[in-house]
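Below are the chains, spelled out letter by letter.
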Amino acid sequence: MTTELTGADARHLHWDGCFNVRDLGGLGGVARGALVRADGLDRLSADGWRALVGHGVRTVVDLRNPDEYGVDAAARPDGVRTVRVPVDGIEDREFWDRWWGGWEFGTPVYYRPFLERFPGRIAAVARAVASAAPGGVAFHCSAGRDRTGIVSIVLLSLAGASPEEIAADYESSLPRVAAMNAARGREDDGPELAAGLAAAGTTAYEAALDVARGFDAEGYLRGAGLSEEEVAALRRRISGEG
């Protein structure tokens, strides 16, 4: 008997070297193959890169900080363009001295303050996606949970995904990140984050839901400086028409 996979399980992509890769197709108006969220793609093996190319991805948007860049585990294919857009704004000490190191960091609790503080950086990511060459776009950070999660909320909201879909997509990263940490011999921060959320009377799902509810993605991006034409191009890219 064959079990048909549904939801995030059906969207999960097995790219050797990574743990937390999902096609966002099927959420709102996102076309299959148009947008892929991932953990650090520099860890892909040669087989992993072949799977990425086979999935139709032709542009990689790296959301990490420059000090996180390293040598790729396997050669990056010539037909894949990489665009680096560090989103953290790590030089903004006033912001990060508040959020770095607390339990909130690593949960959606800090996402809305982040979006309010760094609209220009999110706009830069949106432009990179909108102006990408034909083919799919994969965007990633290190674990594929937070920076990638913030960008996913913006893009999925623009695509018309429901807050519940967005929160469920976020939540599906948690076991993947735990598996990644275990495989790499790292301590899993999941229990600590869950405890902090519980003490605050919420959960990871509810915190993500709170960010997605009422979020006006088009208004946010226009306020961040995107033109009407750029927003339209981004919508076309998300829907697979660009």
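Residues numbered from 1 in each chain as written. Predicted model: local features only at pLDDT ≥ 70, side-chain atom pairs only at ≥ 80, totals over all residues. Heavy atoms only, no water.

Re the overall build of the protein chain
Along the backbone of the protein chain there are 12 helices and five strands. At 17 Å, the protein chain has a C-alpha radius of gyration in line with the 18 Å of a compact globule built from 242 residues. With the C-alpha coordinates aligned to their principal axes, the bounding extent of the protein chain is approximately 45 × 45 × 45 Å. Counting over 242 residues, the protein chain shows a buried share of 49%. Intrachain contacts of the protein chain at a sequence separation of at least 6 include 69% that bridge at least 24 residues. Here the protein chain has roughly 10600 Å² of accessible surface; of this, 51% comes from carbon and sulfur atoms. With 27 positive and 36 negative side-chain charges, the protein chain shows a separation of 4 Å between the mean positions of the two kinds. (Helix = DSSP H or I, 4+ residues; strand = E, 2+ residues; numbered from the N terminus. Rg over C-alpha atoms; globule rule 2.2 N^0.38 Å. Buried < 20%, exposed > 50% of the residue type's maximum accessible area, 1.4 Å probe, protein only. Contact = heavy atoms within 4.5 Å. Areas by Shrake-Rupley, 256 points an atom, 1.4 Å probe, with all protein chains shown as cover. Lys, Arg positive; Asp, Glu negative; His and termini not counted. Charge placed at Lys NZ, Arg CZ, Asp CG, Glu CD.)

A closer look at the pattern of salt bridges
By the definition in use, this model includes 20 salt bridges. A salt bridge links R127 to E230; its shortest N-O distance comes to 2.9 Å. Highlighted residues: R127 in helix α5 (residues 119-130) and E230 in helix α12 (residues 228-239), separated in sequence by 103 residues. Judged by its relative accessible area of 32%, R127 falls in the partly exposed class. On the basis of relative accessibility, which here comes to 26%, the residue E230 falls in the partly exposed class. For E218, the salt bridge goes to R235, with nearest N and O atoms at 2.6 Å. Here E218, found in helix α11 (residues 217-223), pairs with R235, found in helix α12; they are 17 residues apart in sequence, far enough to count as distant. According to the relative accessible area criterion, E218 is partly exposed, its value standing at 31%. On the accessibility criterion, R235 (35% relative accessible area) is partly exposed. (Salt bridge = Lys/Arg side-chain N within 4 Å of Asp/Glu carboxyl O.)

Focus: α5
Between its first and last C-alpha atoms α5 spans 16 Å; for 12 residues at 1.5 Å apiece the expected length is 16 Å, and the two agree. Every buried residue belonging to α5 is among I122, A123, V125, A126, A128, V129 and A130, and all of these are buried. (Expected span 1.5 Å × (residues − 1).)

Focus on the sheet that holds strand β1 (residues 22-23)
If you trace the five strands from one edge of the open sheet to the other, you get β1-β2-β5-β3-β4, paired in mixed fashion. Strand pairing shows two members of the sheet lacking a second neighbour, β1 and β4 (81-84), which therefore form its edges. As paired elements, strand β3 (residues 57-62) and β4 share four bridges and run parallel to each other. Each residue of the ladder has a partner; that of V61, found in β4, is V83. (Pairing = 2+ DSSP bridges.)

Looking at the environment of G214
Summarising the element assignment, G214 is placed in the loop between α10 (204-212) and α11. In sequence terms G214 and W15 are 199 residues apart; their C-alpha atoms lie 34 Å from each other.

A closer look at the packing of helix α7 (residues 163-171) against α10
Axis separation between α7 and α10 bottoms out at 8 Å; the angle between their running directions is 135°. Looking at the two axes, α7 sits oblique to α10. Between α7 and α10 the crossing geometry is right-handed. Residues P163, E164, I166, A167, A168, Y170 and E171 of α7 form the contact with α10, whose own contacting residues are A204, Y205, A208, L209 and A212. When the residues that make up the contact of α7 with α10 are grouped by side-chain class, the tally is 10 nonpolar, no polar and two charged. (Axes fitted to C-alpha atoms, helices over the stretch in contact; angles between N-to-C directions. Parallel < 35°, antiparallel > 145°, perpendicular 65-115°, else oblique. Left-handed = near helix turned anticlockwise from the far one by under 90°. Nonpolar A, V, L, I, M, F, W, Y, C, P; charged D, E, K, R; others polar.)

What to know about the confidence of the model for the protein chain
Averaged over all residues, the pLDDT of the protein chain is 94; the fraction at 70 or higher stands at 97%. When the criterion is pLDDT under 50, residues 1-6 qualifies, and its contacts beyond four places in sequence or with other chains add up to one contact. (pLDDT = per-residue confidence, 0-100.)

Topic: the nonpolar core
If you look at the biggest cluster of nonpolar residues, it comprises 57 residues, and the most contacted ones within it are L35, F114, I122, L221 and L234. Dropping the residues within four chain positions of it, L221 is found in contact with I122, A126, V154, L158, L226 and L234. Counting residues in each nonpolar core, the second largest holds 15 residues, with C18, A38, L52 and V57 among its members. (Core = buried A, V, L, I, M, F, W, Y, C linked by side-chain atoms within 4.5 Å.)

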